[in-house]
Amino acid sequence: IKMSRFLIIGSNSFSGSSFIKHLLENGHIIVGISRSEELNKVYLPYAWDEPNTQNFKFNQIDINHDLDKLKILLKEFQPEFIVNFAAQGMVAQSWLTPEDWYQTNVVGQVKLHDYLRKLDCIKRYVHVSTPEAYGSTDGWIKESYQFSPSTPYAVSRAACDLHLLSFFRAYSFPVVFTRAANVYGEGQQLYRIIPRTIIFARLGEKLQLHGGGHSVRSFIHIDDVANATLKISLNGCNGDTYHISTNETISIRDLVKKICNVTDTDFNDLVEETEDRLGKDQSYLLNSSKLRDELKWQDEISLEAGIQKTLSWIDDNLSCLKSLPMDYQHKS
């Protein structure tokens, strides 16, 4: 495989750091940027395999405040591919200070894209978006711009997608979009449902199950997502969107029961049922046949195998993980 130069924006995120690990395994050269300094190594999959990192450099850069610093880096590095994982995440918290979500997910991004569109070195810009832009889906949906977002987080992401689409149409900016189902795996922050359920089962703590856990999701292991993202980066069609998902669904309640089985935990001891979150969507079911047909991708890690991998990671790192914050820490 030809070595390519990748700039990863949001390299500290679970998806970003896992994708860097996948790129290193495939021999590419990478610069990562994130607004925070590098996290504890337990949360950085690319740092688990030491000798590999000579092809990776990290820079602490915040796209809201350090755009000039980023411009210098772009001139020096001349990336061929940029994959942007950076977004203010977290749905429930976006109601509290919505302006922070619009600043990072729209205003900061628009300034960045207006600079990137003038660069000649970029072969493809992969914008990692979210199915939340669609709102709650009825059945398995194909890729579209029929957005119906129901939270400030989702509105901010939909707005950025539409802005990028306008840049594709006006300037032929080489953007492609990805929207993935619920991603999980080793290295994921503990406020996400799968690692949180596992660690609470291990520590004997109560897990809050919003609305009884009846919403339905499709869960996909991060290694399958990283593999898809690389295929889309190298061979995707500019202006297009690709869904990354399995064809399986499960309710959050049944997912928690599955984890109870493998951790030998009683469901009723673990779970405390609470009210549903504001604006929570019942389901996002993404039809991924376009990715499968055009780019010959398929998911390879079953939910059972993926939960087992995540459980091993938590068990191997339990003493470290239980000393780290388990809840989302908001940075404006």
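Computed from a predicted model, the values in this text were never measured in an experiment.

1. Quick word on the overall build of the protein
From N to C terminus, the protein includes 11 helices and 13 strands. In terms of overall dimensions, the protein is globule-like: its C-alpha atoms have a radius of gyration of 19 Å, near the 20 Å expected for 332 residues. Reported as C-alpha extents along the three principal axes, the dimensions of the protein are approximately 60 × 45 × 40 Å. In the protein, buried positions account for 55% of the 332 residues. Taking contacts inside the protein between residues at least 6 apart in sequence as the whole, the part at least 24 apart equals 82%. Carbon and sulfur atoms provide 47% of the accessible area of the protein, an area that totals close to 14400 Å².

2. A short note on the sheet that holds strand β1 (residues 5-9)
Adjacent strands of a sheet pair through backbone hydrogen bonds, lying either parallel or antiparallel. Ordered by their spatial adjacency, 7 strands build an open sheet running β3-β2-β1-β4-β5-β6-β11, and the pairing between neighbours is parallel. Pairing within the sheet leaves two strands with one partner each, and these edge strands are β3 (56-60) and β11 (241-244). Between one strand axis and the next, the sheet turns by 20° as a mean value, whatever way the strands run. Two elements, β1 and strand β2 (residues 29-34), share 5 bridges in a ladder whose sense is parallel. Across the sheet, the residue bridging to R5 is I29, located in β2.

3. Examining the pattern of salt bridges
This model, assessed by the stated rule, comprises 14 salt bridges. Here R202 makes a salt bridge to D315, at a shortest N to O gap of 2.8 Å. Here R202 is found in helix α5 (residues 193-203), whereas its partner D315 is found in helix α10 (residues 303-316), with 113 residues between them in sequence. Its salt-bridge partner being K258, residue E304 comes within 2.4 Å of it at the nearest N-O pair. Placement of the pair is E304 in helix α10 and K258 in helix α7 (residues 252-263), with a sequence separation of 46 residues. Each of K2, R5, E80 and K123 takes part in salt bridges that share partners, so that together they form one network.

4. Some details on the packing of aromatic side chains
Applying the stated criterion across every chain, the model contains 11 aromatic pairs. Judged by centre distance (6.2 Å) and plane angle (75°), the rings of F6 and F19 are edge-to-face. Here F6 is found in strand β1, whereas its partner F19 is found in helix α1 (residues 14-25), with 13 residues between them in sequence. Of the two residues examined, F6 and F19, each falls in the buried class. When the centroid spacing of 6.4 Å and the interplanar angle of 70° are considered together, the rings of Y184 and F219 count as edge-to-face. Taken as a pair, Y184 in strand β7 (residues 182-184) and F219 in strand β10 (residues 219-221) lie far apart in primary sequence, 35 residues in all. A cation sits over an aromatic face here: K257 above F267, 5.4 Å from the ring centre. K290 extends its terminal NZ or CZ atom over the ring of Y242, reaching a point 4.7 Å from the ring centre.

5. Topic: the pairing of β1
Extensive coverage of β1 is indicated by the burial of 4 of its 5 residues. A crossover connection joins β1 to the parallel β2 through α1; in handedness this β-α-β unit is right-handed. In the sheet, β1 pairs with strand β4 (residues 81-84) via 4 bridges, with the strands oriented parallel. Opposite F6, over in β4, you have F81 as the bridge partner.

6. Focus: α7
Along its 12 residues, α7 runs 16 Å from first to last C-alpha, staying within 8% of the 16 Å computed at 1.5 Å per residue. Among the residues of α7, I252, R253, L255, V256, I259, C260 and T263 are the ones counted as buried. One face of α7 carries all of its buried residues, which in axial projection span an arc of 160°. Directly after α7, the chain includes D264, whose backbone phi takes a positive value near 60°.

Cut-offs applied
- Residues numbered from 1 in each chain as written.
- Predicted model: local features only at pLDDT ≥ 70, side-chain atom pairs only at ≥ 80, totals over all residues.
- Heavy atoms only, no water.
- Helix = DSSP H or I, 4+ residues; strand = E, 2+ residues; numbered from the N terminus.
- Rg over C-alpha atoms; globule rule 2.2 N^0.38 Å.
- Buried < 20%, exposed > 50% of the residue type's maximum accessible area, 1.4 Å probe, protein only.
- Contact = heavy atoms within 4.5 Å.
- Areas by Shrake-Rupley, 256 points an atom, 1.4 Å probe, with all protein chains shown as cover.
- Pairing = 2+ DSSP bridges.
- Axes fitted to C-alpha atoms, helices over the stretch in contact; angles between N-to-C directions.
- Salt bridge = Lys/Arg side-chain N within 4 Å of Asp/Glu carboxyl O.
- Phe/Tyr/Trp six-rings, centres within 6.5 Å; stacked < 30°, edge-to-face > 60°.
- Lys NZ or Arg CZ within 6 Å of the ring centre and 35° of its normal.
- Right-handed = clockwise from strand over helix to strand, strands pointing away.
- Expected span 1.5 Å × (residues − 1).
- Arc of directions from axis to C-beta.

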